[in-house]
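Structural features, examined
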Amino acid sequence: MTDIGTVSLWLALVFSIYAAVAAWLGAVGRRPAILSSARRSQQMVLALVTLSVSLLLTLFLRYEFQVGYVFAHSSVSLAWPYTLVALWSGQEGSLLLWAWFVALLACVATCRRAVWGRLVEAGALATLAAFQGFLLLLLCTSLRPFVLLPAWASDGLGLHPLLQSPGMLWHPPVTILGYAAFSLPYAYSISLLALQQPQERWAPVIRRWLFVGWGSLGLGLLLGAQWAYTEVGWGGYWSWDPVENATLAPWLVSTALLHATAVQQRRHMWRAWGLFLNVVCFTLILLAAFVARSGAVRSVHAYGASSAGFALLAAGGLTLLAGVYLILRRASSLRSEAMVETVASREGLLLLVNLLLVGLAAAVLLGTLFPPITQMLTGTPVVLARSYYEHLTRPLGIALLCLMILAPAAGWRRAALNGPIWPAAALAGLAAVMGTALLLRVGDISLAILFGLPAAGIVSHLADLIRRAHARRHLLSENWIAAFMRTVRHQGGLVHVAALLMVLGMAGGMLKVEASVTLQRHQSFSLGPYQLRLADLATEALPGRERHIATVDVSRGTRHIATLKPEYDVHTASTQPVARAALHRNLREDLHLAVTGVSSDGNAVSVRAAVNPLMLWLWLGGALMLLGAMATLWPVGEQRLAVAKPALKGGAT
Amino acid sequence: MIALGIVVILLLTMAYVLSPLLKMPAPATAPVPPPLPSSCIVDGVYYGTHVEWAIERALGRAGEGEPDPEAARQRAALSTELEQRVQQVRRQYRSARVQKGRVLCVGCGKPYAASDRYCSRCGEPHPRVCRRCGERHRPGDCYCTACGLPLPAGGRP
């Protein structure tokens, strides 16, 4: 079975190289026969990589411990969902999954008959097949998943205890899907540049795939944050860990790129800038893979050192050089049709948003790569503290919030300046009133800013959505629900509201209250409005571990509101205990309770309790953001105006 | 037996991938680009639809101009024609590089045969043929050697 797996990977590599060369020759020479052959070759790559993934899964399910990868990441005592999850828990399996996603997306994007025959798709397929070939080359040479051990083993080393969590089911594959999806906008950009095709026609296609990558990577980050929030010892939902940061940087750049493509579509500007961001985004994806896989940066989320990390870094450098070279080569055809006339326009604000987001990504990246850079220069790695990120991100974040408040009032070109001034004035007044009210309430200016700005932004965007829905209702004679549902798609209004909700959730962290105590049975303590009482402490023996479960009754005043059961696992195979927090959630706050230690006699337990205000808003905001992104992607038919054009001149009433 | 099965599957796979190459070569078809995304252009802003513009206008965030559907249609047609023309010239440029030394028609880009005086496709006179008397002249000549018609620099009357 392992031989079949190895052969299928080698064959997939051969077909991938063929697909890349044939698609390119077919695109340049306009040869439909060669293009058809390239398309079939890509389908075979997908079939072969799917076969490899299925074989590896079968090996895991059959506990074939003579296979090195299965031995290192599985064991007989492992629960069956984690036996499947073990597929992507190591370097080899996750790289195989990445290659599978790239093959799948390449087929979906470029192998449909409806679009086949367009040169750009052929060029994109050539680029995707080349990148897919690079991943397959790594799988065939340095990260081989089907290598046999020299001796037979009756049991494996098992999955790391920290990875035996529901978070492992979703977070890695969704993040890897995001990594794979970002290769599509890059492939299209390279194809457009190399084949000298007009950019505007392809902007919607690129934007659609960009949304897929942005949404997947964002969801991956969110699922990772949710996992880290419940896992004790990972520093909360965001700890500015290098691997987290390395994934955040391309997400920030892709956010900037999404805004840039909006300007590109509406004003035919920033063609070169959009392509450059596309190239940078994909390069940062490869850099993130390098950080996670090279061992050059220490992180709790890294896979460990491997030679593949440096190959990925080299590939990242190559993609950047190739992209920049092509942009410079085609610079004359990438000139903008217009320019930003005033900052008080939509394109002016989007320019500032672009600069701030790219600046934020650069600051995060500098902090992440600071240890290896200083080690290279001075011999001693210097790790930047959490305060570096907080000091840098706060002012940039506040500037972004200000822009988000003003954005709904801005129009293209000078329209907002020539139109009524009251929307912008009302928004500025709203922010000022909210900030002042909060300042009077909490007495802390930084808190007033951090809560006042997102709150004003939410009001501003909701008001804009309602005004748009009202105008739409008037113009198209739609009912309120249809008008509102169609309006939320526009400009990602819902996405912005969701982002602001997330900021509110993050700002709530500043009001966090926490306490660490040691309790015996029936002892209690107070935290904020809650009284917590240790009702019971049970121990149960599970395969490969001993689980301690503390039963804590939570009451508010005289009312019992919940019973929490945080867990504390001591694994026989690992010296590091694994603690999972228990949560009591509502819209106002989270009560986060975790066991941090159990006495040797099993009668006393150390617990850490925290009250995190507005935490649920962070997750709700994240979910809403994804819904908003999906709504933006959802196709809608062409609509007709229900009123005669002269009636439009007076505007909606 | 397993090895034989693998070989058979491999052969079938290769046949599937390479079979399009064995078919009779089909004529190269012109690529079909996706349509231009903007259908409503007002004051230099490319709105996606008329509805989008109308809503912006209703909110006071669009200019004073009115969309001109005819202008948008003409722009789309012109853009398509321009792109096709650019592609055509690129193709001809490539083919001309292959047939180095041959002169291209400035009207349609088709290469002239050695004895051609006019383009066989569009009727454009050969650039080195005098338009008054039909005499061929050398590159760099300032006057026609047969009738004396002044020739512009580059040799085209």
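These figures come from a predicted structure and were not determined experimentally. (Residues numbered from 1 in each chain as written. Chains lettered and ligands numbered in written order. Predicted model: local features only at pLDDT ≥ 70, side-chain atom pairs only at ≥ 80, totals over all residues. Heavy atoms only, no water.)

**A look at the overall build of chain B**
The cut-off we apply is this: Secondary structure elements are taken from DSSP: a helix is a run of H or I of four residues or more, a strand is a run of E of two residues or more, and numbering for both begins at the N terminus. Three exposure classes are used, based on accessible area relative to the maximum for each residue type with a 1.4 Å probe and protein chains only: buried under 20%, partly exposed in between, and exposed over 50%. Here, two residues are considered to be in contact whenever any of their heavy atoms come within 4.5 Å of each other. Residue burial considers only the protein chains on display, and all accessible areas are found by Shrake-Rupley using a 1.4 Å probe.
Counting its secondary structure elements, chain B contains three helices and two strands. In sequence order, the secondary structure elements of chain B are arranged as α-β-β-α-α. When the 157 residues of chain B are sorted by exposure, 34% land in the buried category. Here the analysis covers contacts within chain B between residues at least 6 apart in sequence; of these, 18% occur between residues at least 24 apart. Carbon and sulfur atoms make up 62% of the accessible area of chain B, which totals about 9,700 Å².

**Some thoughts on the overall build of chain A**
Basically, it comes down to this: By the counting rule applied here, Lys and Arg register as positive and Asp and Glu as negative, while His and the ends of each chain are not counted. By convention, the point assigned to a charge is CZ for Arg, NZ for Lys, CD for Glu and CG for Asp.
Secondary structure assignment for chain A yields 21 helices and ten strands. Counting all 653 residues of chain A, 56% fall into the buried class. Sequence-distant contacts, at least 24 apart, represent 71% of the contacts inside chain A between residues at least 6 apart. Counting only carbon and sulfur atoms, one obtains 66% of the accessible surface of chain A, whose full area is about 26,900 Å². Side chains of chain A carry 47 positive and 27 negative charges; the gap between the two charge centres is 15 Å.

**Quick look at the environment of G133(A)**
All names here are of chain A. Counting through the fold element by element, G133 comes out in helix α6 (residues 119-141). Residues G133 and E64, 69 residues apart in the sequence, show an inter-C-alpha distance of 28 Å. In this structure, G133 is in contact with L13 and S16, ignoring residues within four places of it in sequence.

**Remarks on the pattern of salt bridges**
Note the following rule: Salt bridge, as applied in this entry: a Lys or Arg side-chain nitrogen positioned within 4 Å of an Asp or Glu carboxyl oxygen.
Taken as a whole and judged by the stated rule, the model has 16 salt bridges over all chains. With a shortest N-O distance of 3.1 Å, R468(A) and E56(B) are connected by a salt bridge. Remark: E56(B) occurs in helix α2 (residues 50-58) and R468(A) occurs in helix α17 (residues 445-476); the pair is interchain, linking two chains. Residue R486(A) pairs with E478(A) through a salt bridge whose shortest N-O separation is 2.7 Å. Taken together, the shared-partner salt bridges in this structure form one network comprising R346(A), D464(A), R468(A) and E56(B).

**Observations regarding a nonpolar patch on the surface**
Just so we agree on the cut-off: Patch definition: residues with relative accessible area over 30% and no salt bridge; like charges joined within 9 Å; nonpolar side chains (Val, Leu, Ile, Met, Phe, Trp, Tyr) joined within 5 Å.
Among the surface-exposed residues, I4(A), V7(A), L51(A), I2(B) and I6(B) lie close enough to one another that they form a single nonpolar patch of about 400 Å² accessible area. Elements with a contribution of two residues or more to the nonpolar patch: α1 (2-29) of chain A together with α1 (2-22) of chain B. As for its position among the elements, I6(B) is in helix α1. Residue I6(B) is classed as partly exposed on the basis of its relative accessible area, which comes to 37%.

**Structural notes on the side chain of S75(A)**
As for its placement among the helices and strands, S75(A) is situated in the loop between α3 (68-73) and α4 (80-85). For S75(A), a relative accessible area of 7% corresponds to the buried category.

**A look at unusual backbone geometry**
Positive phi outside glycine occurs at H268(A), with the angle close to 55 degrees. The buried category is assigned to H268(A), whose relative accessible area is 3%.

**Considerations on the nonpolar core**
Nonpolar side chains tend to gather and get buried jointly when the protein is soluble and globular. All names here are of chain A. Filter applied, for reference: Among buried residues, those of type Ala, Val, Leu, Ile, Met, Phe, Trp, Tyr and Cys that are joined through side-chain atoms within 4.5 Å constitute a nonpolar core.
In this structure, W98, L136 and Y188 are the most contacted members of the largest nonpolar core, which totals 175 residues. In terms of residue count, helix α11 (residues 271-294) provides more of this core than any other element does, 15 residues in total. Excluding residues within four positions of it along the chain, L136 makes contact with L9, A12, L13, S16, V45, V49 and A99. By size, the runner-up hydrophobic cluster in this structure holds 25 residues, among which are L532, L591, V595 and A609.

**Description of the packing of α1(A) against α6(A)**
All names here are of chain A. So the rule is basically this: Only the stretch in contact is used when a helix axis is fitted, and all axes are lines through C-alpha atoms; the angle between N-to-C directions ranges over 0 to 180 degrees. Each angle receives one of four descriptions, namely roughly parallel if under 35 degrees, roughly antiparallel if over 145, roughly perpendicular if within 65 to 115, and oblique otherwise. A clockwise turn of the near helix away from the far one marks a right-handed crossing, whereas an anticlockwise turn of less than a right angle marks a left-handed crossing. When residues are sorted by character, Ala, Val, Leu, Ile, Met, Phe, Trp, Tyr, Cys and Pro go into the nonpolar class, Asp, Glu, Lys and Arg into the charged class, and all the rest, Gly among them, into the polar class.
Across the interface, α1 lies against α6 with an axial gap of 8 Å and an inter-helix angle of 155 degrees. With respect to their mutual orientation, α1 and α6 come out roughly antiparallel. The way α1 lies across α6 gives a crossing that is left-handed. For the contact of α1 with α6, the class distribution of residues is 19 nonpolar, four polar and no charged.

**Details of the state of the cysteines**
Residues and elements named next belong to chain B. What counts, and what does not: We call a pair of cysteine sulfur atoms a disulfide when they lie within 2.5 Å.
Summed over the entire model, instances satisfying the criterion amount to zero disulfides over all chains. For C142, which is in no disulfide, the shortest distance to another cysteine sulfur is to C144 and amounts to 12 Å. The exposure class of C142 is partly exposed, given its relative accessible area of 49%.

**Describing the sheet that holds strand β9 (residues 589-598) of chain A**
All names here are of chain A. Inclusion rule: One requirement defines pairing of two strands: DSSP has to find at least two bridges between them.
Read from one edge of the open sheet, four strands run β1-β10-β9-β8, paired in antiparallel fashion. Two strands lie at the open edges of the sheet, namely β1 (513-520) and β8 (582-585), each paired on one side alone. Ignoring which end each strand starts from, the neighbouring axes of this sheet average 20 degrees apart. In terms of strand pairing, β8 meets β9 through four bridges, oriented antiparallel. In the strand pairing of β9, H584 is matched with L591. Of the strands in this sheet, β8, β9 and β10 (604-613) are in contact with helix α9 (residues 203-230), which crosses β8 at around 110 degrees.

**Details of α2(B)**
Among the nine residues in α2(B), nine count as buried, and that is most of the element. Once α2(B) ends, the next one or two residues include G60(B), with phi positive near 75 degrees.

**Description of the packing of aromatic side chains**
Residue and element names in this part refer to chain A. Spelled out, the test is: Here the aromatic set is Phe, Tyr and Trp, taking the six-membered ring for Trp, and pairing holds for ring centres within 6.5 Å; pairs whose planes are under 30 degrees apart are stacked, those over 60 apart are edge-to-face, and all others are tilted.
For the structure on display, the rule yields 18 aromatic pairs over all chains. Between F131 and F282, the ring centres sit 5.1 Å apart and the planes meet at 80 degrees, which makes this aromatic pair edge-to-face. Highlighted residues: F131 in helix α6 and F282 in helix α11, separated in sequence by 151 residues. On the accessibility criterion, F282 (2% relative accessible area) is buried. Through pairs of rings, three or more aromatic residues link up here, namely W98, F131, F134, Y179, Y186 and F282.

**A short note on the side chain of R40(A)**
Our working rule: We define a polar contact as two N or O atoms separated by no more than 3.5 Å, with the added condition that, inside protein, one atom must be a possible hydrogen donor and the other a possible acceptor, whereas residues neighbouring each other in sequence contribute only through side-chain atom pairs.
Tracing the sequence through the fold places R40(A) in helix α2 (residues 32-61). We note that R40(A) is buried and unpaired, the nearest opposite charge coming from E121(A) at a distance of 18 Å. Within the structure, the side chain of R40(A) is placed 2.9 Å from the backbone oxygen of Y16(B), a separation counted as a polar contact. Those residues in contact with R40(A) that lie beyond four places of it in its chain are Y16(B), V17(B), S19(B) and P20(B).

**Quick look at the packing of helix α5 (residues 91-110) of chain A against helix α8 (residues 183-195) of chain A**
Residues and elements named next belong to chain A. Closest axis-to-axis distance for the α5/α8 pair is 10 Å, and the angle between their directions is 50 degrees. Considering their axes alone, α5 and α8 lie oblique with respect to each other. Crossing angle aside, the handedness with which α5 passes α8 is right-handed. Between α5 and α8, the residues in contact are V102, L105, A109 and T110 and S183, L184 and Y188, respectively.

**Details of the pairing of strand β3 (residues 530-542) of chain A**
Residues and elements named next belong to chain A. Pairing of strand β2 (residues 524-527) with β3, which is carried by four bridges, proceeds in the antiparallel orientation. Bridge assignment links L527 to a residue of β3, and that residue is Y530. Here β2 hands over to β3 after two residues, with G528 in that stretch at a positive phi of 55 degrees. Two successive antiparallel strands, β3 and strand β4 (residues 545-556), enclose a turn made up of two residues, where G544 displays a positive phi of approximately 80 degrees.

**A few points about the environment of A124(A)**
Residue and element names in this part refer to chain A. Within the secondary structure layout, A124 lies in helix α6. On the basis of relative accessibility, which here comes to 0%, the residue A124 falls in the buried class. Considering only alpha carbons, one finds A124 and L184, 60 residues apart in sequence, at a separation of 7.5 Å. Excluding residues that lie within four positions of it along the chain, A124 makes contacts with T110, A187, Y188 and S191.

**Focus: the confidence of the model for chain B**
Residue and element names in this part refer to chain B. Selection rule: Values of pLDDT, the confidence the predictor places in each residue, fall between 0 and 100.
On average, chain B scores 74 in pLDDT, and the residues at 70 or more come to 76%. The least confident element of chain B is helix α3 (residues 69-98), whose mean pLDDT is 70; the most confident is α2, at 84. Our summary of model confidence lists the complex with pTM equal to 0.84 and ipTM equal to 0.73.

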